[in-house]
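Close look at the chain arrangement
Single-letter residue listing:
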Amino acid sequence: MPLPKIPSKPATLLPVNEYPKAQPGKSPVRAIAAAPVEADPVEDLISGKAVPAPKSNRGRKDKATPLTAVPAPQAAPNRPQPAPVAKLKETDMDEPHPAKHKPVEVNVKSSTSRKADKTGKTKVFVLDTNVLMHDPTCLFRFEEHDVYLPMMTLEELDDHKKGMSEVARNARQVSRTLDALIADIDDDTIEAGIELAKLGNKDAKGRLFFQTRLQNGPSLPEGLPVGKADNQILGVVKALAAEQPDRAIVLVSKDINMRIKARALALPAEDYFNDHVLEDTDLLYSGIVALPGDFWDKHSKNMESWQDTRNGTTFYRVTGPFIPSLLVNQFVYLESDDSPFQAQVKELNGKTAVLQVLRDYSHTKNSVWGITARNREQNFALNLLMNPECDFVTLLGQAGTGKTLLALAAGLAQVLETKQYNEIIVTRVTVPVGEDIGFLPGTEEEKMSPWMGAFDDNLEVLNKSDNDAGDWGRAATQDLIRSRIKIKSLNFMRGRTFVNKFLIIDEAQNLTPKQMKTLVTRAGPGTKILCLGNIAQIDTPYLTEGSSGLTYVVDRFKGWAHSGHVTLARGERSRLADHASDVL
């Protein structure tokens, strides 16, 4: 059956007087309009007589006005105007879910804090135990405000100080800090508060208060368990608010349920914000910036260019208004049909910058262990990975963007071909996605092998790139590669020093800032460290996108001459994986 012809004139809305009327034995045509109108009489199915239709309660309260004829839109001489579309009611829409769902982190201060900020008055922050165990230095992070520690907080610190976990270490560190603060302090002056700047923290201008007596303020509502630690802390906050009505008393807790319970009791409560590197992860440094279309028109005056004969790269020294917004080792690009421009900022001096044209790793002659860049961001990443002057590289991207494959290919090329490094060391955080499978037998590498499935998959891809070697040649190459790759656990990294190693930290988004500092400071002379991860896939409890160690190092290392960062945007794994990343 042939398709109908496309109409040559734009459509118009049907006037009201031309609407089809309801007739016995026929169904009326339902018109979808912008405003509801009173329904026409319809036929009663039993008697066959026309009865008035019942009025709908879903419309507006006032009486709807009938529709008037809508004139046809005046079409332009060269471009026809689209027909106006009648507005659908909410019940008639069947829209799919949005393609991407981003969790919204709402870090809003309480109304009591906002009022105190406007008036300029200092506040008293009552700390929950989980804040101290989350950040042992949180006592000195509240600027000019005072800090209050209930006796139940000290009791819970004492309960968690035993063991070798991160929480136990933090609890012991807090206890040592409190011991140093109260040293050489008279018993009478403790109730008046201890200066937090006593230990040399000049930013902490407030005072530390302990609960030295039983609070006799208003009691909590009946029914709450008296012996529970959270309820006792809430009672301290309520009593303090009654004793000091002129000051803002705010509870700080990492426990969501604790904050909800406090707000239900009309007590101000906030999250601990100081561990957040960024309020919005959309503002995270991407390492890439697009040049404006008129860049060369405004920056070509007095431009200098030269070529390095050793590696054959071209340099440009440009001056203009766009330069101060750039950072060292940031990638810039300018898209054009004839000659796209891709470069890296090597030097900055006011409004003058030196740009180095990148090596094109998308070409087969520049392939790295048989791997070529499939998009612009992968080309940027390979330029960082193959640069011996870049000691610290961070790669962010969703699943399937090629982070692990690029890192392994660059590591093998510089370990086995150019001999730049001695061996590749691979490590990652052992945080399970589901339930833990228990203890694993064997040596350290055998225990880590289930966590290294991603590297095994990528090594299989890299080994298949050599088709001329045959099965025996590929097996020999695989044995050689295995001898140069060491898999290490994070639990035994403290105190180690890596010399001339190519260190890959996979799933780095699950690291805390303190753990990240421990790993990065293991680097010795000639060592290159790579951090790979996706901040949208954090499995560590109590860790968010803003407080992740990967976000922390990306923000702190930007602009350093020996580090670089690239956020990979396009997925290259498969069309199924790309579609799943977008819609799920």
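Residues numbered from 1 in each chain as written. Predicted model: local features only at pLDDT ≥ 70, side-chain atom pairs only at ≥ 80, totals over all residues. Heavy atoms only, no water.

Considering the packing of helix α6 (residues 229–243) against helix α7 (residues 256–264)
- Here α6 crosses α7 at 45 degrees, and the two axes come no closer than 11 Å. Judged by the angle between their axes, α6 and α7 are oblique. Helix-helix and strand crossings are classified by hand; for α6 and α7 the assignment is right-handed. Contact with α6, carried on its side by Asp230, Asn231, Ile233 and Leu234, involves Met258, Lys261 and Ala262 of α7 and no other residues of that element.
- A breakdown of the residues in the contact of α6 with α7 according to their chemical character gives four nonpolar, one polar and two charged. (Axes fitted to C-alpha atoms, helices over the stretch in contact; angles between N-to-C directions. Helix = DSSP H or I, 4+ residues; strand = E, 2+ residues; numbered from the N terminus. Parallel < 35°, antiparallel > 145°, perpendicular 65-115°, else oblique. Left-handed = near helix turned anticlockwise from the far one by under 90°. Contact = heavy atoms within 4.5 Å. Nonpolar A, V, L, I, M, F, W, Y, C, P; charged D, E, K, R; others polar.)

Quick notes on the packing of aromatic side chains
- Inspection of every chain in the model, using the stated rule, returns twelve aromatic pairs.
- Look at phenylalanine 331 and phenylalanine 380: their rings are 4.7 Å apart centre to centre, the planes differ by 10 degrees, and that puts the pair in the stacked class. Placement of phenylalanine 331 in strand β12 (residues 331–334) and of phenylalanine 380 in helix α9 (residues 376–385) is noted, with a sequence separation of 49 residues between them. One exposure class covers both phenylalanine 331 and phenylalanine 380, and it is buried.
- An aromatic cluster of three or more residues is present, and its members are Phe295, Trp296, Tyr316, Phe322 and Phe341. (Phe/Tyr/Trp six-rings, centres within 6.5 Å; stacked < 30°, edge-to-face > 60°. Buried < 20%, exposed > 50% of the residue type's maximum accessible area, 1.4 Å probe, protein only.)

Observations concerning a positive patch on the surface
- Residues Arg114, Lys115, Lys118 and Arg263 make up a contiguous surface patch of positive charge.
- When residues of the positive patch are assigned to their parent elements, the largest contribution, three residues, is made by helix α1 (residues 111–119).
- Within the secondary structure layout, lysine 118 lies in helix α1. (Patch = residues over 30% accessible without salt bridge, like charges linked within 9 Å, V, L, I, M, F, W, Y side chains within 5 Å. Areas by Shrake-Rupley, 256 points an atom, 1.4 Å probe, with all protein chains shown as cover. Salt bridge = Lys/Arg side-chain N within 4 Å of Asp/Glu carboxyl O. Lys, Arg positive; Asp, Glu negative; His and termini not counted. Charge placed at Lys NZ, Arg CZ, Asp CG, Glu CD.)

Some points on the environment of alanine 343
- In this fold, alanine 343 is placed in strand β13 (residues 341–349).
- When its relative accessible area of 0% is taken as the criterion, alanine 343 is described as buried.
- Sequence spacing of alanine 343 and valine 354 is eleven residues, and the spatial spacing of their C-alpha atoms is 9.7 Å.
- Beyond its immediate sequence surroundings of up to four residues, alanine 343 is in contact with Gln330, Phe331, Val332, Leu355, Gln356, Val357 and Leu358.

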